[in-house]
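Letter by letter, the chains look like this.
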Amino acid sequence: MPETEGEAVPAQAKGSWSSFLKSIASFNGDLSSLTAPAFILSTQSLVEFSAYWAENTGLFIAPTQEKDPGKRALLVLRWLLNTLKQQYYSRSEKLGSEKKPLNPFLGELFLGQWEDEYGVTRLVSEQVSHHPPVTAYCITNDKYRIQLQGYNGQKASFSRTINVKQIGHALLTLYPPGSEQKETYLVTLPPLHIESLIYGAPFVELGKFIHIVSNSGYIAKIDFSGRGWVSGKKNSFSAALWKHGEGSEKNPIYSAEGQWSDAFVLKEGDGKRAKVIDTVKPSEVALSKLNVAPVEEQDVFESRRAWRNVARSIEKGDMDAAAHFKSRIENAQRALRKKEQEENREWRRAFFSQASADDEAEKVFQHLAKVATSLGTYSWDGIAPDKTAGVWRFDEKKAAQAKKPFHEEGLLALGENPDGTSAPISRVTTNQSGTVGQVAS
Ligand code: HC3
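Residues numbered from 1 in each chain as written. Predicted model: local features only at pLDDT ≥ 70, side-chain atom pairs only at ≥ 80, totals over all residues. Heavy atoms only, no water.

Draft legend 1. Here's a closer look at the environment of F351. As for its position among the elements, F351 is in the loop between α7 (319–342) and β18 (352–354). Exposure remark for F351: the relative accessible area of 6% places this residue in the buried category. The spatial distance from the C-alpha of F351 to the C-alpha of A402 is 7.2 Å, given a sequence separation of 51 residues. In this view, F351 contacts L109, L111, V124, E126, R393, F394, D395, K398, A399, A402 and F406; residues no more than four positions away in its chain are not counted. (Helix = DSSP H or I, 4+ residues; strand = E, 2+ residues; numbered from the N terminus. Buried < 20%, exposed > 50% of the residue type's maximum accessible area, 1.4 Å probe, protein only. Contact = heavy atoms within 4.5 Å.)

Draft legend 2. Main features of the site of the ligand. Lining the immediate surroundings of the ligand are 18 residues, of which Q87, R91, E98, N152 and Q166 lie closest. With respect to the ligand, the side chain of Q87 contributes an N or O atom lying 2.7 Å from an oxygen atom. Residue E98 places a main-chain N or O atom 3.1 Å away from an oxygen atom belonging to the ligand. For the shell around the ligand, a count of residues per class yields eleven nonpolar, four polar and three charged. (Near = heavy atom within 4 Å. Polar contact = N/O pair within 3.5 Å; in protein donor to acceptor, adjacent residues only side chain to side chain. Nonpolar A, V, L, I, M, F, W, Y, C, P; charged D, E, K, R; others polar.)

Draft legend 3. Expanded view of helix α8 (residues 360–374). The terminal C-alpha atoms of α8, which comprises 15 residues, lie 22 Å apart, in line with the 21 Å expected from a rise of 1.5 Å per residue. The set of residues buried in α8 consists of E362, F365, L368, A369, V371 and A372. Looking at the packing, one finds that the buried side of α8 touches β7 (161–174), β8 (183–188), β11 (209–214), β12 (218–224) and β19 (392–394). Sitting at the amino-terminal end of α8 is D359, which places a side-chain oxygen 3.1 Å from the backbone nitrogen of A361. Downstream of α8 by a residue or two, G376 has a phi angle that is positive, lying close to 95°. (Expected span 1.5 Å × (residues − 1).)

Draft legend 4. Representation of unusual backbone geometry within the structure. Between H131 and the following residue, P132, the backbone shows a cis peptide bond with an omega angle of 0°. With respect to the helices, strands and loops of the structure, P132 is situated in the loop between β4 (119–129) and β5 (134–141). In this structure, the amide linkage connecting K404 to the following residue, P405, adopts the cis form with an omega of -10°. Even without glycine at this site, R145 takes up a positive phi of about 50°. Position of R145 among the secondary structure elements: in the loop between β5 and β6 (146–159). Accessibility expressed as a relative area gives 36% for R145, which makes it partly exposed. With phi around 70°, R160 is a residue other than glycine that occupies positive phi space. For R160, the location among the structural elements is in the loop between β6 and β7.

Draft legend 5. Quick look at empty space enclosed by the protein. Evaluation of the coordinates by the stated rule reveals five cavities of 30 Å³ or more. Residue lining of the largest cavity: W53, L80, T83, L84, Q87, Y88, V187, T188, L189, P190 and I210, and that is the complete set. Looking at the lining of the largest cavity, the elements with two or more residues in it are α3 (69–88) and β8. Considering each element in turn, the lining of the largest cavity owes the most residues, five residues, to α3. (1 Å grid on protein atoms, 1.4 Å probe; cavity = no way out; pocket = protein on both sides within 12 Å on 5 of 7 lines; lining within 4 Å. Points joined across faces, edges and corners; volume = space filled by probe spheres on them.)

Draft legend 6. Highlighting the pattern of salt bridges. One pass over the full model with this rule turns up 22 salt bridges. In this structure, R72 and E183 form a salt bridge, with 2.7 Å as the shortest nitrogen-oxygen distance. Of the two residues, R72 is situated in helix α3 and E183 in strand β8; the sequence distance between them amounts to 111 residues. For R72, a relative accessible area of 4% puts it in the buried group. Under the relative-accessibility criterion, E183 is labelled buried at 7%. With its nearest N and O atoms 3.3 Å apart, the salt bridge here joins E93 to K85. Look at E93 and you get partly exposed, because its relative accessible area is 49%. For K85, a relative accessible area of 7% translates into the label buried. (Salt bridge = Lys/Arg side-chain N within 4 Å of Asp/Glu carboxyl O.)

Draft legend 7. Geometry of the pairing of strand β3 (residues 109–116). Within β3, six of the eight residues are buried, which leaves the element mostly enclosed by the surrounding structure. With antiparallel pairing between neighbouring strands as the criterion, β3 and β4 make up a hairpin whose turn holds two residues. Bridge count for β3 against strand β17 (residues 290–291) is two bridges, and the pairing is antiparallel. The partner of W114 across the bridge, within β17, is L290. (Pairing = 2+ DSSP bridges.)

Below, the structure written as structure tokens:
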């Protein structure tokens, strides 16, 4: 049964929606290539989605306060379960359906911070690849010495509906109380599919499973069953947490079950003798507000600044203007890529670099990835550099130097003149020092 009963397509959009459905059936797997009707377009870029990982700042930092490694792993599981509602449900809940996000351009940034009783938690999200589209992010709280970083791309296919495989992974690192030994948790990403497309009110359902694998020896698995499987309730899951070599998925120390978008219980043990230790309602978990600089103060590469004309046009329902401003960015980006190719150089990412295999943290990651793969990750394509244009890591050195303007290309990267008019593409040029500038006309 669809999430939203009845027809959600506005009368005047019925034709374009059915053309859209037909185009999906034959698309090439690149979600950004889909041209969707106006009523289903979002004004938010995909680069903003990275914020969903840590809006629950209290739960995010909680594992850093727990001495017992098993309980710490349970707190990591609890945080992750609580992020799912924000990641995969909040937009449908708020907007009535899952809209098509703006497709980030190479170098697009989303920067912000949460400031609350847990101190400052900083977010850096950067589009590190355009073909294929890949977003990398890093979320850090220095006071509690915890950091989450990761990257992801999506590969879609059509069979009855849109099926999306996520490519990439997340890495959570923290210092247990009183310890200088870093603990790392590898988090795999679930595949998803879009339901209720035919009714014009698409929403996400998660499939298969997620693993959390830690170098403390603890492993957690979250199995998604979706609507109508065992309980008949949407967004159902069951989870198990055990210690490698001591327990197993069938014989866990802790377990959890319920609906990740609604309510779930955490239990000690599993099965009939399990004891409920907590009932969690994600809607009751306090979310912190992400502070993002006002658009006028943002750098040209910051998402809301870059897309403001497109977003304003979508909001006004002026699709001609939206298309004009969107192609202005796309054309300027194409011109930059052409120039880079001619000069045999690559776009410089502001905050992220490729992983270096001999780095200590990378060795830990490789080990955890091996464990995750041995657990069966048929649904996870966690390390596939060919599909994500590399393995992306937050580069502390780059980050320490990064400041506005993040790139000397400035407004030319958006095809804009300082007064907001469109810059002719031919004006994207290189000066004697090899930097990009503007030719006097
Ligand atoms: C598939 C998706 C884009 C990707 C979104 C991702 C996987 C991005 C990373 C986040 O951490 C988690 C996440 C959540 C939702 C995913 C989106 C849901 C729908 C969107 C498609 C591109 C939209 C398809 C268009 C339409 C009109 C059918 O909704």
